[in-house]
Amino acid sequence: MNFPKYIIKGATLPNGDQRDITIENELIVALSQTGSATPISTDHVVIQAKDCRVLPGLVDLHTHLREPGREDSETVLTGSRAGARGGYTALSAMANTSPVADTAGVVEQVFRLGQEAGYLDVFPIGAVTEGLLGLSLSEIGAMADSIAHVRIFSDDGNCVFDPLLMRRALEYVKKFGGVIAQHAQDPRLTIGSQMNEGEISARLGLKGWPAVAEEAIIARDVLLNDHVKSRLHICHVTTAGGVEIIRWAKQRGINVTAEVTPHHLLLSDEVASTYDPIFKVNPPLRSEGDVHALREGLAEGIIDIVATDHAPHPTESKECEWQEASFGMLGLETALSIVQKTMVDSGLLDWQQVAERMSHAPARIGGYDNQGQAIAVGSVANLVVIDPSRNWLVDRDLTMSKATNTPYHGHTLPGVVTHTFFKGRATVIDSTVEKIGEVQ
Ligand SMILES: [Zn+2]
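Here's a quick rundown of the structure. Owing to the predicted nature of the structure, the values given are computational and were not obtained by experimental measurement.

## Some words on the coordination of the zinc ion
When a metal carries six donors in an octahedron, the ideal angles between them are 90 or 180 degrees, while four donors in a tetrahedron ideally lie at 109.5 degrees. Donor atoms from the polypeptide that coordinate the zinc ion comprise D156 (OD), H183 (ND1) and H236 (NE2), at 1.9 to 2.3 Å from the metal. Sequence positions of the residues that donate to the zinc ion give the spacing D-x26-H-x52-H. With D156 in the loop between β9 (152–153) and α4 (163–174) and H183 in the loop between β10 (179–182) and β11 (195–196), the pair connects residues that are 27 residues apart, well separated along the chain. By the burial criterion, D156 is buried, and H183 matches it.

Right, dumping it as structure tokens:
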């Protein structure tokens, strides 16, 4: 395919320098001083970006794309389009599909669907245990050797609860540099749990989900990994205690990384008082104190990355009684705005640090080639352009996702993604998702 050539004029790089960025044939071919005589031929598409920030394309390590099996909620194609609109150039597809991604066949299917969609890289995550049942290890080696080249393994949705299986999984992936991403939730302590255990759950009469159910598993697994010396990643940390355990582990030199979701950076369990199941999520929204600790933990780098836990559900699974509703909320199209609102506008992170936590670090953890690269001549042009000075109104009926379960419907958020580039081709232009193959 013959790609158009682009010049992004006057965008501010993560380090604060203002540059004109020339993109040709998948690559960044020039970074010139803004205002210098950049040769512009008529075949360059010029993008005026003097009020904008340009960041390396965002990389999500935690996306539920639902295909195969729940295409009524999301498909690889619709999820890819939602990701592109949110500024992502790579997604990691969680394994809790139907069938479960626990064989080379399923991960290769998801990988191919991502390539066919073509909006961004879709990297499948393999299940740790067969059928996510927590009883025996899945075909980890076969998935690692497949064309999908799986490096992250997770039973997300379920916790790998058996410590012996967790140990074996950590040992297995150590052989090829893989990582186990743990959904830290003691299942015995959370039977029937509906929301964070605390004052509000007591007042509402909803079964509580204690912080210790998460923290006990994080503590166990960092100790296990200290013993095994493999790679451990903690999914969606939600409690102040969890941050403290990870801080302790890192100080001790244990190889652990951790993620926080945008919604846990913004929302507390107060919103459950509305009884609106749009706020029902696993792990649950925690206390104001936890939200504060998560922001501090992300600012300090104790929590390495932001990951969306984008979890689409059909309307009937969310517009019902709280007790019956599914856990989860959309995240891809709003993540960068929520991070700007909670972390940048509050002065906790600068844009260079946002690039680290939403692109460079997740690409490193996943071992994703050509993602999370510095914006430099010769890099593959995976980029997002954002106008932080503009606001936008979230409208669930305009989402690219097949589902509509965003908790931000009707809210105004800061930061508009104006352009996304995937391998040198614009997938989003003026906030509109481009049809792949339209430009020849
Ligand atoms: Zn999870």
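Picking up after the structure, the text goes on.
## Quick word on the pattern of salt bridges
One pass over the structure, following the stated rule, counts 16 salt bridges. Among the ionic pairs, D20 bridges to K9, the shortest N-O distance being 3.2 Å. Taken as a pair, D20 in strand β2 (residues 18–24) and K9 in strand β1 (residues 5–12) lie far apart in primary sequence, eleven residues in all. In this structure, D20 and K9 share a single accessibility class: buried. Connected through salt bridges with shared partners, the residues R167, R168 and E171 form a single ionic network.

## Things to note about the side chain of D20
On the basis of relative accessible area, D20 is assigned to the buried category, the value being 0%. Engagement of the side chain of D20 in a polar contact is seen with the backbone nitrogen of G10, the distance being 2.8 Å.

## Considerations on the sheet that holds β9
Taken in spatial order, the five strands of this open sheet run β9-β10-β13-β14-β15, and their pairing is parallel. Each edge of the open sheet is held by one strand with a lone partner, namely β9 and β15 (305–306). In the sheet, strand β13 (residues 232–234) pairs with strand β14 (residues 256–260) via three bridges, with the strands oriented parallel. Each bridged residue has a counterpart across the sheet, and for H233 the counterpart in β14 is T257.

## What about the sheet that holds strand β6 (residues 58–63)?
The parallel open sheet is built from three strands, whose spatial order is β6-β7-β8. The open sheet has two edge strands with one neighbour each: β6 and β8 (121–124). Ignoring strand direction, the axes of neighbouring strands in this sheet form an average angle of 20°. Contacts from helix α1 (residues 76–85) reach β7 (88–93) and β8, with the element oriented near 140° to β7.

## Overview of the environment of V416
By the secondary structure assignment, V416 is in strand β17 (residues 412–422). On the basis of relative accessible area, V416 is assigned to the buried category, the value being 7%. Spatially, the C-alpha atoms of V416 and R390 are 6.0 Å apart, while their sequence positions differ by 26 residues. Setting aside residues up to four positions removed in sequence, V416 forms contacts with V385, I386, D387, R390, N391, W392 and S431.

## Some words on α1
Across the ten residues that make up α1, a large majority, seven, are buried. Those residues of α1 lying buried are V76, T78, G79, S80, A82, G83 and A84. Buried residues along α1 sit in contact with β7, α2 (104–117), β8, β17 and β18 (425–429). A positive phi of about 95° marks G87, the residue just after α1.

About the cut-offs
Residues numbered from 1 in each chain as written. Predicted model: local features only at pLDDT ≥ 70, side-chain atom pairs only at ≥ 80, totals over all residues. Heavy atoms only, no water. Donors = N, O, S within 2.8 Å, 3.2 Å for Na, K, Ca; no water. Helix = DSSP H or I, 4+ residues; strand = E, 2+ residues; numbered from the N terminus. Buried < 20%, exposed > 50% of the residue type's maximum accessible area, 1.4 Å probe, protein only. Salt bridge = Lys/Arg side-chain N within 4 Å of Asp/Glu carboxyl O. Polar contact = N/O pair within 3.5 Å; in protein donor to acceptor, adjacent residues only side chain to side chain. Pairing = 2+ DSSP bridges. Axes fitted to C-alpha atoms, helices over the stretch in contact; angles between N-to-C directions. Contact = heavy atoms within 4.5 Å.

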